[in-house]
Amino acid sequence: MRSDWCIYGLIGYVEYGYYDSFNVPLESVSSSVSVHGYVAHVKSTLRYRNPRNQPLQVYFRTPKDESSALYHVEAKIQDRNIVAKCLEVKKAAKIYEDALRAGKTALLVREEPKVTDIFNLALGNLPPESSCEVTLSLVCELRVATDGGVEFRLPTVLNPRYQPASCAGPVAPVGLDLSAVAVAQTPYTMDVRATVSGALDIACILSHHRHSDAISVTIHDDYKKASQIKQDGGYTSDHEWGFVVHYNNPYQPQAIIETGDVTATGLMMDQVLMINMFPQLPEASYSRFNEIIFVVDRSGSMHGHNMQSARAVLLLFLKSLPPGCRFNIVSFGSTHSFLFKEGSRTYSEATLAMACELHASMKANMGGTEVLAPLKAIYSQPVDPSFSRHVLLLTDGDVWNTDEVTELAARHASSTRVFTVGIGEGASTALVKGLARAGRGRAELVTATDRMQTKVMGLVASMLQASVRGVTVSCEFDAPSRLSLVPSEPPVIFGGQHLVTYARMPPGAQLKSITLKGTVDGDEWQCSVTERQMVTVHDERLTLHRLAARASILDLCLKNKDARKTVVELSCASGVLSRHTAFVAVDQQVGETDEQRAAHPKEAQPCGGMHGEGYMKARLVACVPVRFPMVGGGPPRSSSPSRFESQRAIEMEMCEKVLVDDATNEVDKFCPSGTPKENIYCQIIAQQKFDGSWLADDIASILQTAAGDLLQGDAQPANLMTALVVVLLQEYFSDRAAEWGLLVIKAKNFLKQSPAVDINELLKAAKHRLDALRSKYPHHVAFV
């Protein structure tokens, strides 16, 4: 990892005199969130204050979701508002620089050049002893999760990002002396207010962090709207604030048609559709003709809970694979290694044992986060034409070479799909979502409040499904018209998952139905939205237009490096920020002249005893929060310079030394929670054999009963025991169905191999045996 400095949060600097340990306090953050169905509109206002007696240059870097569309930025300085306009990035930068030289207050906002989930804001010539309010407006799409919840998260965490030696990192606006960094100590306040509305009935709304961020909610009598969603107590910025909306029936297909702007041209003039579908595929479509490569981040930052969770997921993954498929495990950090060096092997009793041996010894002891090299090694191996190849990447990594990684995946998307899991607060959506999008797979973000096993097994289920091939879109109109997808390539379809896609059609067109068609294992398949499932809206903010524009911009930047001109035109027309454009605004009230600025007294007191070394020939930094900045700045309230330096030192050395895994001395088991019933569940999963069966002695040991109580002389003990475990999971661990679903399919396939077995009758017999066991041991923890 290179030692280039990465700046996070709000930075202020001056051009004159000695370095002084000043800061630009973030006084407050106020955000309003409006959720309408599967779309969220966010407006955040950040209030800063310049306490000095001279103009100040302010710069901050802040996170956002890579798919969200930032479309409006303005600053209020004293009694004046300056509103930014979207222009080509070099043109915008020149306007900004010219304004600074003229002594005018100016605003410049641009996306970080190499990643899509960070943007930078520069505010030049902030007047002395004045306050500034910066307002950001963006829209983002929301998806129905595996558990049926629709989650909104406000990005507030921006972690230091690993920078490989071959990758140029972010360019700092000023030269920084690490010994002269001052961290702001002033606490800020955060106020978030939200509403939820739409056509769906609201069942409940819960805080994403239920134990630390209690929220109050008022749900209206018609259950169509909720208001006054706000935090009950304080909030610290070491995690992202958010809530989950549970609708009574979230799986209803729906198409929202948003009218365009008649004064505009192109996309912004057309009608835009947001199509929400929940396609289903037959259970029989789960195929053994798959090659799955599980790529595990074992860098030092994965130590502790993250590594325990990763190992739990790996074991569940291994037990869920169908016999006959092919698999491999790749570990990576500063280097990488393959379980099977020559390439993936067939899943069998022997290869499963080898994988379980690796699982038992797996630690977070491999240094940095070099994710590009293992992917290159995977792609260099030939693809068996009889198998569909899938990569499942599990990482907490935040890296600067996201472009290289996503471009690599896009080049191989026709032969290898990529699925990703981002672990922890502030995981890079540019890496996690961008890589899955490039690899035509799916992504999940997991924090400490989520159960990783549930989310990851949803991804595994998507991998093992037979693909929907030859996807086409057909439409029916009242009168002849046309409909085009945005982006133009048909979406990838995964059974049981929320599918969101955008389309456009001419003004005035009347759509009656839209249907996706394809084939699954040679059989025809289709999924439709009918006229009664469509609704037309008139939104002055053009929310869906901006989301469609953002989706198109991301697709163009990924797949066509020569599309810069097209991206600029679309970005400027839609007002949606891209890597090739920037927002710029200039306050036309002229600031101080050069003579007035020169008349300012020099700051004679150096910082922290630096004396002559503290004199700045250039501009220097004021406030640099490191680990958990809020949107636009503000460190955790417990931050201090010494803690800041020690945290940064750990990040810098992570690729140069092995960090001892915190979990080394933990009980080496599948589930970290350790509750008695949880342990029984985990042991049941761990004891399933590679063919899908369970043995009586293993289950008897887990349930602490005699094997005779379970079998009672049955002639086919493996069949009955396997059926008994299936019933046990279905009746007493139903809340984990998303996790064990593939194991049960695998178990039923095992039972089908016995031609004389009637599975339904066998399951009835197993239920009778289990009921008898429960009557004998009514207080057994497995039955509670």
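This text goes with the structure placed above it.
Since the structure is predicted, the reported quantities are computational estimates derived from the model, not experimental observations.

Participant: Describe helix α1 (residues 89-101), with residues and values.
Facilitator: Under the 1.5 Å per step criterion, the end-to-end length of α1 is 19 Å for 13 residues, consistent within 8% with the ideal 18 Å. Those residues of α1 that sit buried are Val-89, Ala-92, Tyr-96 and Ala-99. One face of α1 carries all of its buried residues, which in axial projection span an arc of 95°. Turned more than 90 degrees off the buried face of α1, the exposed positions are Lys-90, Lys-94 and Arg-101. Close packing links the buried residues of α1 with β7 (85-88), β8 (106-111), β9 (118-126), α9 (564-574) and β32 (581-586). One side-chain oxygen of the residue at the start of α1 lies 3.0 Å from the amide nitrogen of Lys-90, identifying that residue as Glu-88. Two residues or fewer past α1, Gly-103 is found with a positive phi of approximately 80°.

Participant: Quick rundown of the pattern of salt bridges? Include the residues and the values.
Facilitator: Inspection of every chain in the model, using the stated rule, returns 29 salt bridges. Of the charged contacts, one joins Glu-111 and Arg-550 as a salt bridge, the two residues approaching to 3.1 Å between their closest N and O atoms. Taken together, the residues span a long stretch of sequence, with Glu-111 in strand β8 and Arg-550 in helix α8 (residues 543-559) at a distance of 439 residues. On the accessibility criterion, Arg-550 (1% relative accessible area) is buried.

Participant: I'd like a description of the packing of α8 against α9, backed by residues and values.
Facilitator: At their nearest, the axes of α8 and α9 sit 10 Å apart, and the two run at 165° to each other. In this view, α8 runs roughly antiparallel relative to α9, as classed from their interaxial angle. In the packing of α8 onto α9, the handedness of the crossing is left-handed. Residues Arg-546, Ala-549, Ser-552, Ile-553, Leu-556 and Cys-557 of α8 touch α9, and the partners they reach there are Thr-566, Val-567, Leu-570, Ser-571 and Ser-574. The residue makeup of the contact of α8 with α9, split by class, is six nonpolar, four polar and one charged.

Participant: Tell me about helix α3 (residues 349-361), and please be specific about residues and values.
Facilitator: Taking 1.5 Å of rise per residue, the 13 residues of α3 would be expected to cover 18 Å, and the 19 Å separating its terminal C-alpha atoms lies within 8% of that figure. Each element contacted by the buried residues of α3 is listed here: α2 (305-320), β20 (326-332) and β22 (345-346).

Participant: Mind laying out the environment of Ala-700, listing which residues take part and the relevant values?
Facilitator: Mapped onto the elements, Ala-700 comes out in helix α13 (residues 696-703). The class for Ala-700 is buried, based on a relative accessible area of 5%. Sequence separation between Ala-700 and Met-721 is 21 residues, and the spatial gap between their C-alpha atoms is 9.8 Å.

Participant: Got a sec to walk through the pairing of strand β25 (residues 443-446)? Specific residues and values, please.
Facilitator: Two faces, one strand: in a regular strand the side chains alternate between the faces of the sheet. The alternating pattern of β25 places Glu-444 and Val-446 on a buried face, while none of Ala-443 and Leu-445, on the opposite face, is buried. Two strands pair when backbone bridges link them, and strand β24 (residues 416-423) and β25 are joined in this way by four bridges, in the parallel orientation. Looking across to β25, one finds that Thr-420 is bridged to Ala-443. Once the chain exits β24 it traverses helix α6 (residues 429-438) before rejoining the sheet at β25, and the crossover so formed is right-handed.

Rules used throughout
Residues numbered from 1 in each chain as written. Predicted model: local features only at pLDDT ≥ 70, side-chain atom pairs only at ≥ 80, totals over all residues. Heavy atoms only, no water. Helix = DSSP H or I, 4+ residues; strand = E, 2+ residues; numbered from the N terminus. Expected span 1.5 Å × (residues − 1). Buried < 20%, exposed > 50% of the residue type's maximum accessible area, 1.4 Å probe, protein only. Arc of directions from axis to C-beta. Contact = heavy atoms within 4.5 Å. Polar contact = N/O pair within 3.5 Å; in protein donor to acceptor, adjacent residues only side chain to side chain. Salt bridge = Lys/Arg side-chain N within 4 Å of Asp/Glu carboxyl O. Axes fitted to C-alpha atoms, helices over the stretch in contact; angles between N-to-C directions. Parallel < 35°, antiparallel > 145°, perpendicular 65-115°, else oblique. Left-handed = near helix turned anticlockwise from the far one by under 90°. Nonpolar A, V, L, I, M, F, W, Y, C, P; charged D, E, K, R; others polar. Pairing = 2+ DSSP bridges. Right-handed = clockwise from strand over helix to strand, strands pointing away.

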